[in-house]
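Take a look at the letters that make up each chain.
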Amino acid sequence: MFKILKYSFYDLMRSSWSYVYFLFYLALGFVLLFLNNDVSKAVITLMNVIVVLTPLIGTIFGVMYYYNSREFTELLLAQPLKRSTIFIGQYLGVALSLSLSLIIGLGIPFLAYGLLQSNAIFNFTSLLLVGAFLTFIFVALAFNIALSHENKIKGFGYAILVWLFLAVIYDGLFLISLVMLQEYPLDKFSLIATMFNPIDLSRILVLLKLDISALLGYTGAVFQKFFGTNAGMLISFFVLLLWVILPALRIIYISKRKDF
Amino acid sequence: MIKIKNLHKKFGKVEVLKGLDLSIHSNTSSGGIVAVLGPNGSGKTTLIKSILGMVIPDKGEIKLQDKNILKKHQYRNNINYLPQIANFPSNLSVKELIKMVKDLRPKPTTDNNLIDLFGLLPFLDKKLGNLSGGTKQKVNILLTFMFDSELIILDEPTTGLDPISLLNLKKIILEEKQKGKTILITSHIMSFVEEMADEIVFLLDGKIYFKGTLVEIKQSTNQKDLEHAIAAILTTTNSKFN
Amino acid sequence: MFKAALTFLLFNSIILTSYSQSIDVCKACDVKTLTDAIAKSKPHNKIIIHKGTYYESDITIDKPLHIIGKNNPIIDGENKSYILIVKSDSVTVSGLTIKNPGQSYTKDYAAVLISQSNNFKFENNSLENVFFGYLLEKSHQGIITANKVSSNAVNQSSSGNGIHLWNCSNITISDNEVFNLRDGIYLEFVKESKILNNQSYNNMRYGLHFMFSNNNEYHNNTFKNNGAGVAVMFSKFIKMTGNTFTENWGTASYGLLLKEIYDAEIENNTFKENTIGINVEGSTRINYTKNNFISNGWSVKIAGACYTNNFKQNNFLNNSFDISYNSKMHDNKFNNNYWSSYTGYDLDKNGIGDVPYRPVKLFSYIVNKTPETIVLLRSLFVDIINFSEKVSPVFTPDELEDINPLMSPVLND
């Protein structure tokens, strides 16, 4: 698996797309810091960007990589390798190179602007961690979609749809249902609904750092327990991890049954 | 060498293999070249891919040297496969690709001879994405033949090759045969098949329609070359179905 | 013989008291308790208490005295009753550790009770494990400075206040540290008093609490991690400057609560990381100038009838919500503030944004109605609906805007 990972990673690290992605984040970091000149404020703006954009890029990249490397995959399939090795290797290669572009691309400008001297460093690192998590999750989802659809156009379509749903539509439905059901106790419902969307979950993780003051303003005991203690942080991380592991397991499952 | 029993495979509603039985024996001393022929959609590629484990059959069994190979992967160390379309990770160089494949298959290789033979030396440091189709096919051939394996599967090996390389390819195939290897070839170029093959397996409608030597197929159809023999088979079966 | 001896003794003692005017209290001294020392003292005497622990309570000071602790003597009330009771003018007490007064649901036992006394000064004392710390009633012109008052309050009903003033005037409370109490400092019917440079933290209810107290001021205090920072209720003419309100977290928790307040000045304060920076209810004619609101849940929450409030030159930095309104009624002015979430531009480069800033977001309106929606804070969908509300206000007061938002933060001194 590590061999496949290594070569997929090498391949991607040299592809111009990784550079575009890397340069995009580099530019974004510098522009944000230049405009705000305040690390804390830039971190907040960045959060909005990361929570929406890393899933989008992860999805598109994952699908694209899968379809583009089909023949290469066939070459690998003819080698004495397990299928799970091949696909998990490729998956990790893509997710890792994207995460690295993100971390280095944003890391450089923030380090240059004195992140280490600022108290935003924890917010920033948790932001990068969340970004990496989202990349791993959405590349896995993209691989799932691509593995189930031979048709490229369909695959791309579904991938974008999944992103759109999780990034915008889900929250819309979520908000509407909360407002409609406001007579009922909703804190458990709202926390559980958050768990089912990795984008919301990551957002909550960042909110725990940035907006804890506001989150603690709510009366519900479940909320208090979730946001007021480390429980929220731990549970969120655990569920995010599940969001990585389950789609990855499904990659193995589908790949074992698929004809090439 | 290869023993296939009652192989079934459906893609959606289309039944591609309908209980295919096939056994290919090679006398280890001289080896043998087997051409798998058949019209489009007859199940050639599905058969080959089933042997390689790329397609998972619905039913049946495949044995290589008396060992069941379904759901295994280690046996592929003993198969060299030349895929139809050669496309590699475009950001790796030829050298790196060769290194990688060697890395994935730890067994002795003869890559240097083949690099010389196909004149790939100047391309070693080039990225695969920048190579022409023909050169890619040469790299593809190189990757296939650099290992010493009992079974060699070639899917349309002549695609995109210049005449000299084609000659070289034929030479290598014959050499491998001399070494006692079993070589499975699919091709649409009948002259190539006629020149190379010892045995013909003709697939039709998901089953073996004919299996025998070149001479036998020509005799049974009363044709003097392979191309016409195949055409004759197809027309008779068509009239039978109509 | 007997007469001669008596005369000698009397003579001696007169010489002694009038000569030094000072009484030493220690375990090995003639005078072993403070109570005894006070009984033996004359007005304006000095009583010096030396190192040691003295188990005494209900020590009544009924004449002007200067009580000085040397090497940190401890007076332990053994949880019985009041410890020091001051009933005279011109008393000073310094350098004592006074601990364990009584605790009661019916009586306000305090470590130090100052009742109907004027011109006192309490300095450098440490009041520990108290029910009430300093309890002042009907007293005037006094100073309480550099004391440390603490307890271990667990719930509001069984704990008291650190420095509690009732019906007092012209008191200065400065440089004290009050923590783990119900209210750090409590003022009821107090006039013309000053609260300066105190640290009030980890208190159950409020760091500082005003009720019906007019014409007071408090400056440069820090209120940290209290149930709520400061509550100012039913009071007029209060000046609040240079204070820091931080980490007042929790349900209905705020840096500053203003309830039925008129004519107050709130200037140069910092509100940082509070659930609500300022919670305003029914308050009128208040000027908010040059304050910093940093990383609060809500910077300012306005409820009920609030008229003619002026927000000028404040910095609103990285708050989850800037302003929250619960009605469409609006008679308050926002002008020349800096808002970190302002996204407008300044084409004429005069330092003032060319488009007004609307500090009330649709989402804050939604969160007011359905608090659980807070989990959707900063999501893309919420940004989209906020944007559409910004373009055409339907739910939020549409004239509520800062017409001249600043492009860079106000530098506060």
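Residues numbered from 1 in each chain as written. Chains lettered and ligands numbered in written order. Predicted model: local features only at pLDDT ≥ 70, side-chain atom pairs only at ≥ 80, totals over all residues. Heavy atoms only, no water.

1. Notes on the overall build of chain C
Alright, step 1. Scanning chain C from N- to C-terminus turns up four helices and 38 strands.
Alright, step 2. Viewed in the frame of its principal axes, chain C has a C-alpha envelope of about 105 × 40 × 30 Å.
Alright, step 3. Taking all 413 residues of chain C together, 54% fall into the buried category.
Alright, step 4. For chain C, restricting intrachain contacts to residue pairs at least 6 apart in sequence, the fraction spanning at least 24 positions comes to 47%.
Alright, step 5. For chain C, the accessible surface area stands at approximately 17400 Å², while carbon and sulfur atoms represent 53% of it. (Helix = DSSP H or I, 4+ residues; strand = E, 2+ residues; numbered from the N terminus. Buried < 20%, exposed > 50% of the residue type's maximum accessible area, 1.4 Å probe, protein only. Contact = heavy atoms within 4.5 Å. Areas by Shrake-Rupley, 256 points an atom, 1.4 Å probe, with all protein chains shown as cover.)

2. Remarks on the overall build of chain A
Alright, step 1. Each helix and strand counted, chain A has 12 helices and zero strands in total.
Alright, step 2. In chain A, the order of α-helices and β-strands from amino to carboxyl end is α-α-α-α-α-α-α-α-α-α-α-α.
Alright, step 3. Over its C-alpha atoms chain A spans a radius of gyration of 19 Å, differing by no more than 12% from the 18 Å that the globule rule assigns to 260 residues.
Alright, step 4. Seen through its principal axes, chain A has C-alpha atoms that stretch 60 × 45 × 30 Å.
Alright, step 5. Classification of the 260 residues of chain A by burial places 60% in the buried group.
Alright, step 6. Put simply, 81% of the contacts in chain A that link residues at least 6 apart link residues at least 24 apart.
Alright, step 7. Total accessible area computed for chain A in this model is approximately 10500 Å², and 73% of it derives from carbon and sulfur atoms.
Alright, step 8. Of the charged side chains in chain A, 17 are positive and 11 negative, and the gap between their average positions amounts to 10 Å. (Rg over C-alpha atoms; globule rule 2.2 N^0.38 Å. Lys, Arg positive; Asp, Glu negative; His and termini not counted. Charge placed at Lys NZ, Arg CZ, Asp CG, Glu CD.)

3. Some words on the pairing of strand β2 (residues 45-49) of chain C
All names here are of chain C.
Alright, step 1. With respect to burial, β2 is a largely interior element, four of its five residues being buried.
Alright, step 2. Here strand β1 (residues 22-25) pairs with β2 via four bridges, running parallel. Opposite Ile23, over in β2, you have Ile47 as the bridge partner.
Alright, step 3. As for the winding sense of the linkage, the β-α-β connection from β1 through helix α2 (residues 34-40) to β2 is right-handed. (Pairing = 2+ DSSP bridges. Right-handed = clockwise from strand over helix to strand, strands pointing away.)

4. Some words on the interface of chain A and chain C
Alright, step 1. With 38 residues of chain A at the contact, the number on the chain C side is 33 residues.
Alright, step 2. Each partner contributes to the roughly 2800 Å² buried at the junction of chain A and chain C, and carbon and sulfur atoms together form 68% of this total.
Alright, step 3. Across the contact surface, chain A and chain C share one salt bridge.
Alright, step 4. Across the salt bridge formed by Asp211 of chain A and Arg378 of chain C, the nearest N and O atoms sit 2.7 Å from each other.
Alright, step 5. Our count for the chain A to chain C interface comes out at five residue pairs in polar contact (both at pLDDT 80 or more).
Alright, step 6. Among the residues forming the side of chain A that touches chain C, the class breakdown is 21 nonpolar, 10 polar and seven charged. (Buried area = accessible area lost by both parts, 1.4 Å probe. Salt bridge = Lys/Arg side-chain N within 4 Å of Asp/Glu carboxyl O. Polar contact = N/O pair within 3.5 Å; in protein donor to acceptor, adjacent residues only side chain to side chain. Nonpolar A, V, L, I, M, F, W, Y, C, P; charged D, E, K, R; others polar.)

5. Observations concerning the sheet that holds strand β5 (residues 67-68) of chain B
All names here are of chain B.
Alright, step 1. Read across the open sheet, the four strands follow the order β2-β1-β4-β5; overall the sheet is antiparallel. At either margin of the open sheet sits one strand with a lone partner, and together these are β2 (14-24) and β5.
Alright, step 2. One ladder, built from five bridges, connects strand β1 (residues 2-11) with strand β4 (residues 59-64); its direction is antiparallel. Within β4, the residue paired with Ile2 across the bridge is Leu64.
Alright, step 3. Sheet strands touched by helix α1 (residues 44-52): β1, β2 and β4. Its angle to β1, the strand with the most contacts, is close to 115 degrees. (Axes fitted to C-alpha atoms, helices over the stretch in contact; angles between N-to-C directions.)

6. Some remarks on the UniProt feature "transmembrane region" (unreviewed entry) in chain A
All names here are of chain A.
Alright, step 1. Under the feature "transmembrane region" (unreviewed entry), the UniProt entry names residues 16-35, 42-67, 87-115, 127-146, 158-181, 201-221 and 233-253.
Alright, step 2. Along residues 16-35, the helical share is 100% and the strand share 0%, with 28 Å between the first and last C-alpha atoms.
Alright, step 3. Between the C-alpha atoms that bound residues 233-253 there is a distance of 30 Å. The span itself is 100% helix and 0% strand. (UniProt positions renumbered as here; feature names shortened; annotations may be inferred.)

7. Details of the interface of chain A and chain B
Alright, step 1. If you look at the interface, chain A gives 25 residues, while chain B gives 29 residues.
Alright, step 2. Together, the buried faces of chain A and chain B total about 2600 Å²; carbon and sulfur atoms form 59% of this surface.
Alright, step 3. The largest share of the area that chain A buries against chain B comes from Tyr7, Arg14 and Pro80 of chain A, three residues that together contribute 25% of it.
Alright, step 4. Asp259 of chain A serves as the salt-bridge partner of Lys9 of chain B, at 2.6 Å between the closest nitrogen and oxygen.
Alright, step 5. Taken together, the links from chain A to chain B amount to eight residue pairs in polar contact (both at pLDDT 80 or more).
Alright, step 6. Taken together, the residues of the side of chain A that touches chain B break down into 11 nonpolar, two polar and 12 charged.

8. As for the UniProt feature "domain: Carbohydrate-binding/sugar hydrolysis" (unreviewed entry) in chain C
Alright, step 1. Here, the residues flagged by UniProt with the feature "domain: Carbohydrate-binding/sugar hydrolysis" (unreviewed entry) are residues 42-188 and 217-355 of chain C.
Alright, step 2. Here residues 42-188 of chain C runs as 0% helix and 50% strand, with 34 Å between its end C-alpha atoms.

9. Details of the state of the cysteines
Here a disulfide denotes one covalent bond, and it connects the sulfur atoms of two cysteines.
Residues and elements named next belong to chain C.
Alright, step 1. Inspection of every chain in the model, using the stated rule, returns one disulfide over all chains.
Alright, step 2. Disulfide pairing is shown between Cys26 and Cys29; the S-S distance is 1.9 Å. As the torsion about the S-S bond is roughly 100 degrees, the Cys26-Cys29 disulfide counts as right-handed. No difference in accessibility class separates Cys26 from Cys29, as the two residues are buried. (Disulfide = S-S within 2.5 Å.)

10. Looking at a nonpolar patch on the surface
Residues and elements named next belong to chain A.
Alright, step 1. Taken together, Phe30, Val31, Phe34, Leu35, Leu100, Ile103, Ile104, Ile108 and Tyr113 make up a surface patch of nonpolar side chains, about 800 Å² in accessible area.
Alright, step 2. Listed by contribution, the elements that provide at least two residues to the nonpolar patch are α2 (16-36) and α5 (83-112).
Alright, step 3. The residue Phe30 is located in helix α2 in this model.
Alright, step 4. We classify Phe30 as partly exposed; its relative accessible area is 32%. (Patch = residues over 30% accessible without salt bridge, like charges linked within 9 Å, V, L, I, M, F, W, Y side chains within 5 Å.)

11. Topic: the sheet that holds strand β10 (residues 207-213) of chain B
Residues and elements named next belong to chain B.
Alright, step 1. One open sheet accounts for six strands, arranged β6-β7-β8-β3-β9-β10; its pairing is mixed. Strand pairing shows two members of the sheet lacking a second neighbour, β6 (79-82) and β10, which therefore form its edges. Strand after strand, the sheet turns through a mean of 15 degrees between neighbouring axes, direction not considered.
Alright, step 2. Here strand β3 (residues 32-37) pairs with strand β9 (residues 199-204) via four bridges, running parallel. Residue Val36 lies in a different strand from β9, and its bridge partner there is Val201.
Alright, step 3. Those strands touched by helix α4 (residues 133-145) are β6 and β7 (151-155), and its axis lies near 170 degrees from that of β6.
Alright, step 4. This element, helix α7 (residues 214-221), spans β9 and β10 of the sheet and lies at about 110 degrees to β10.

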